[in-house]
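# Inside the fold
Listed below, chain by chain, are the residues.
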Amino acid sequence: MTDLFLHDSAARTKRRFQPIDPAHVRMYVCGPTVYDLAHLGNARPVVVFDVLARLLRRLYPKVTYVRNITDVDDKINARSRDSGEPISAITARTTADFHRDMAALGALPPDVEPRATGHIAEMIALIERLIANGHAYAADGHVLFSVPSFGDYGKLSGRTPDELLAGARVDVAPYKRDAGDFVLWKPSDDATPGWDSPWGRGRPGWHIECSAMSWKHLGEEFDIHGGGHDLIFPHHENEVAQSVCAFPGHAFAHYWMHNGMLLVDGEKMSKSLGNFRTVRDILAEGPWAGEAFRLLLLRTHYRASLDFTMEALREAKAELDDHYAMLSRAPAAPGGSAASHLADWVIAPLLDDLNTPLALARLRDLRTLENAVTVGGSPAVAMERAGLAAPPAPGVAAAAFREAAAVLGVATGDPAAWLQGGGDDAADVEAAIAARLAARKAKNWAEADRIRDDLKAKGIVLEDGAGGTTWRRA
RNA sequence: GGUCCGGUGGCCGAGUGGUCAGGCAAGGGUCUGCAAAACCCUCUACAGCGGUUCGAUUCCGCUCCGGACCUCCA
């Protein structure tokens, strides 16, 4: 395997990935604020960084992937006020919903999933350091980060503080020394969650939690920080400011990765626009929908914006149908070096800034190769692309497919379950197939076709192959 | 208004200074009792206008269009 290259948002270019410690790669990704069901846009970073985590685990002996849960936030407080549901109930339920939805998308859990409310002490410690270092000040019950105290402020998002202020959409609070200063800690009234602190009972600002949790679980400096593109400013810009100023001499995240936005009808899906669709909505389409949506997400490069359509979801399902059909008919074969070599060929595009669309195209070539040697046909074109001089033995391309697909987290399920699951009439289908076989032996084509049409009406598709008749649900 | 990203064939979507992306859809074919599946073939595009170059879809400039960010956001 060759080197891994990642697009670094801070450098605005692709950089060769050089881990701080090759024996232990560390990655932090911004997780959800748990006050509502995850929408489609929330799923994109989860799936994208799930693939990156899988890839890193293939390349390095140890990977620690941290993704937080934000369970203290004014949106949660507002939700509780509106609905009357206790905050703890909202966050517990929404966290469980999030876990279930992301599992349905085939996303493996992160190694550590810290909760903001479990890291209040670390946040306070961080704020105290910032005050001691002259980068923060208490005012009117608040603690604010002093933006002018950090010369590199704006470097990540590529703006100057002046530019940022030019279009600011908010009124400047009177207790701010500088209009760009942002809140680290704010006072809570009796009806609002709060923790005792040197500045009185209060709660953290939005950005300090990620600085605290990444510090606690990954240290002052770590390899990769990920999240949605819309988080670059202000969230990540402020995180950098907090962490670098709290720990002078440390660079915080070495690589910043941001996924593009998911659009619906050409516009960003967001709660404020009210055009969001939940992951739950998609999962309701059928047992296939979670994996199909995952594939849909990976069919577009992670940094490009992606316009979601139901048609694209159905196309992704059709692609999985074909993948699983191939896997179900391919003979078992030992992995071996031929298979590993082919798997590496599929995985290689991922080393170039996670080029999942190209990797998926090569995965299809593996399917073509296996089909050609298993079912019949010419493997020539796929062979040429894969750089093969001779067709692989039956089962080898399928073994390579499974190995590569595991890195993408796509088509990793049981083929029979995918193709034939979702019903309890399997025995009836088998009986009908046997009856049709008898009719065919007797050259009673009318009866054979009647049985086939009968099954088709029930959503069962028959396929007569060299090895007998197989069936699947449409 | 400022900053940034992008416009690839009917649709989706990689990539490249000069010989192939790929998928879906469509049409044709091989196979099949007929189908289905599989495989093969066809469909040859890079928003527009300039510039650099022997040569530009690829680099540069301008224009048009779309999107994101500018202290809620994945």
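Source: prediction; values computed, not measured. For every chain, the first residue of the written sequence is number 1, and numbering continues from 1 onward in sequence order. Throughout, the order in which chains and ligands are written sets their labels, letters from A for the former and numbers from 1 for the latter. With the structure being a predicted model, the display of local features is reserved for residues of pLDDT at least 70 and the display and counting of side-chain atom pairs for 80 or more, all residues being used for whole-chain, interface and lining totals. For side-chain calculations, the full set of non-hydrogen atoms in the structure is used, while hydrogens and water are omitted.

### Things to note about the overall build of chain A
- Strands are runs of DSSP state E lasting at least two residues, helices are runs of H or I lasting at least four, and both sets are numbered from the N terminus onward. Looking only at helices and strands, chain A features 17 helices and 15 strands.
- Overall, chain A is about 90 × 55 × 35 Å in size when its C-alpha atoms are taken along their principal axes.
- Throughout, exposure labels follow a simple rule: accessible area from a 1.4 Å probe, protein chains only, divided by the maximum for the residue type, with under 20% read as buried, over 50% as exposed, and the rest as partly exposed. A buried classification covers 50% of the 474 residues belonging to chain A.
- Taking all contacts inside chain A whose residues are at least 6 apart in sequence as the whole, residues at least 24 apart take part in 75%.
- For the accessible areas, the method is Shrake-Rupley and the probe is 1.4 Å, while residue cover comes only from the protein chains on display. Split by element, the accessible area of chain A, about 20,700 Å² in all, is 52% carbon and sulfur.
- Positive: Lys, Arg. Negative: Asp, Glu. His and the chain ends are not part of the count. Charge placement uses NZ in Lys and CZ in Arg. For Asp and Glu, CG and CD serve respectively. Considering chain A, the positive charge centre built from 52 side chains and the negative charge centre built from 62 side chains are found 4 Å apart. Note on definitions: a residue-residue contact is assigned when non-hydrogen atoms from the two residues lie within 4.5 Å.

### Quick word on the sheet that holds strand β10 (residues 253–259)
- Criterion used throughout: strands pair if DSSP finds at least two bridges between them. With respect to topology, four strands assemble into an open sheet ordered β4-β3-β9-β10, the strand pairing being parallel. Sheet topology places β4 (63–67) and β10 at the edges, where each strand pairs with a single neighbour. Ignoring strand direction, the axes of neighbouring strands in this sheet form an average angle of 20°.
- Sheet analysis places strand β9 (residues 222–228) next to β10, joined by six bridges and oriented parallel. Each residue of the ladder has a partner; that of Gly 227, found in β10, is His 258.
- In the packing of helix α7 (residues 232–246) onto the sheet, contacts are made with β9 and β10, and the angle to β9 comes to roughly 160°. Angular values range over 0 to 180 degrees, each being the angle between N-to-C directions of two axes fitted as lines to C-alpha atoms, with helices fitted over their stretch in contact.

### What about the environment of Thr 95?
- As for its placement among the helices and strands, Thr 95 is situated in helix α3 (residues 87–104).
- Other than its neighbours up to four places away in sequence, Thr 95 contacts Val 34, Ile 69 and Arg 115.

### Considering the packing of helix α1 (residues 40–59) against helix α14 (residues 396–408)
- Packing of α1 against α14 leaves a shortest axis separation of 7 Å and a crossing angle of 125°. Here α1 is positioned oblique relative to α14, judged by the angle of their axes. Counting all contacts with α1, which are made through Val 51, Arg 54, Leu 55 and Arg 58, the residues of α14 involved are Glu 403, Ala 406, Val 407 and Leu 408. Any angle from 65 to 115 degrees is called roughly perpendicular, while one under 35 is roughly parallel, one over 145 is roughly antiparallel, and all others are oblique.

### Here we look at the nonpolar core
- Each nonpolar core is a collection of buried residues, namely Ala, Val, Leu, Ile, Met, Phe, Trp, Tyr and Cys, held together in the definition by side-chain atoms within 4.5 Å. The biggest cluster of nonpolar side chains holds 85 residues, and the ones touching the most others in it are Leu 56, Phe 293 and Phe 308.
- In terms of residue count, α1 provides more of this core than any other element does, eleven residues in total.
- Leaving out residues up to four positions away in the same chain, Phe 308 has contacts with Leu 40, Leu 262, Leu 263, Val 264, Arg 277, Ile 282, Phe 293, Leu 296 and Leu 313.
- Counting 39 residues, the second-largest nonpolar core is a separate cluster that includes Tyr 28, Phe 145, Phe 150 and Val 240.

### Observations concerning the sheet that holds strand β13 (residues 306–308)
- Strand order across the open sheet formed by three strands is β12-β11-β13, with mixed pairing between neighbours. The outermost strands of the open sheet, each flanked by one partner alone, are β12 (267–268) and β13.
- Here strand β11 (residues 262–264) runs beside β13; their pairing, made up of three bridges, is parallel. Paired with Val 264 across the bridge in β13 is Phe 308.

### Quick word on the UniProt feature "domain: Cysteinyl-tRNA synthetase class Ia DALR" (unreviewed entry) in chain A
- UniProt tags residues 345–419 as "domain: Cysteinyl-tRNA synthetase class Ia DALR" (unreviewed entry).
- Structurally, residues 345–419 is divided into 63% helix and 0% strand, and its ends, taken at the C-alpha atoms, are 27 Å apart. UniProt positions are given in the numbering used here, feature names are shortened, and annotations may be inferred rather than shown by experiment.

### Some thoughts on the UniProt feature "short sequence motif: 'HIGH' region" (unreviewed entry) in chain A
- The residues that UniProt annotates with the feature "short sequence motif: 'HIGH' region" (unreviewed entry) are residues 32–42.
- Annotated as residues 32–42, this span is 27% helix and 0% strand, and its ends, taken at the C-alpha atoms, are 7 Å apart.

### Some words on the state of the cysteines
- Any cysteine sulfur atom paired with another within 2.5 Å is treated as part of a disulfide. For the structure on display, the rule yields zero disulfides.
- Cys 210 carries a free sulfur, and the closest cysteine sulfur to it, the one in Cys 30, is 4.0 Å from it.
- Here Cys 245 is not cross-linked by a disulfide; its sulfur's nearest cysteine counterpart is in Cys 210, at 17 Å.
- Accessibility expressed as a relative area gives 4% for Cys 245, which makes it buried.

### Side note on helix α9 (residues 289–298)
- Counting buried residues along α9, ten of its ten residues qualify, which places the element largely inside the surrounding structure.
- The set of residues buried in α9 consists of Ala 289, Gly 290, Glu 291, Ala 292, Phe 293, Arg 294, Leu 295, Leu 296, Leu 297 and Leu 298.

### A few points about the side chain of Asn 77
- Residue placement: Asn 77 occurs in helix α2 (residues 74–83).
- Its relative accessible area of 6% is what places Asn 77 among the buried residues.
- Non-local contacts of Asn 77, meaning those with residues more than four positions away in its chain, are made with Ile 87, Thr 192, Pro 193 and Arg 203.

### Looking at the packing of aromatic side chains
- The aromatic pairing rule takes the rings of Phe, Tyr and Trp, using the six-membered ring of Trp, and pairs them if the centres are within 6.5 Å, calling planes under 30 degrees apart stacked, those over 60 edge-to-face and the rest tilted. In total, this model carries eleven aromatic pairs according to the counting rule given.
- Taking 6.0 Å as the distance between ring centres and 55° as the angle between the ring planes, the aromatic pair formed by Trp 185 and Trp 199 counts as tilted. Placement of Trp 185 in strand β7 (residues 182–187) and of Trp 199 in the loop between β7 and β8 (202–204) is noted, with a sequence separation of 14 residues between them. Grouping residues by exposure puts Trp 185 and Trp 199 together as buried.
- Summarising the aromatic geometry, the rings of Trp 215 and Phe 247 are spaced 5.1 Å apart at their centres and angled 45° between planes, so their arrangement reads as tilted. Of the two residues, Trp 215 sits in helix α6 (residues 208–218) while Phe 247 sits in the loop between α7 and β10, which places them 32 residues apart along the sequence.
- Here the aromatic residues Tyr 28, Phe 222, Phe 252 and Trp 256 are joined through ring pairs into a cluster of three or more.
- The rule is short: NZ of Lys or CZ of Arg within 6 Å of the ring centre and within 35 degrees of the ring normal puts a charge over the ring. Between the NZ or CZ atom of Arg 177 and the centre of the ring of Tyr 137, over which it lies, the distance is 3.9 Å.
- Above the plane of the ring of Trp 288 lies Lys 317, whose end atom (NZ or CZ) is 5.9 Å from the centre.

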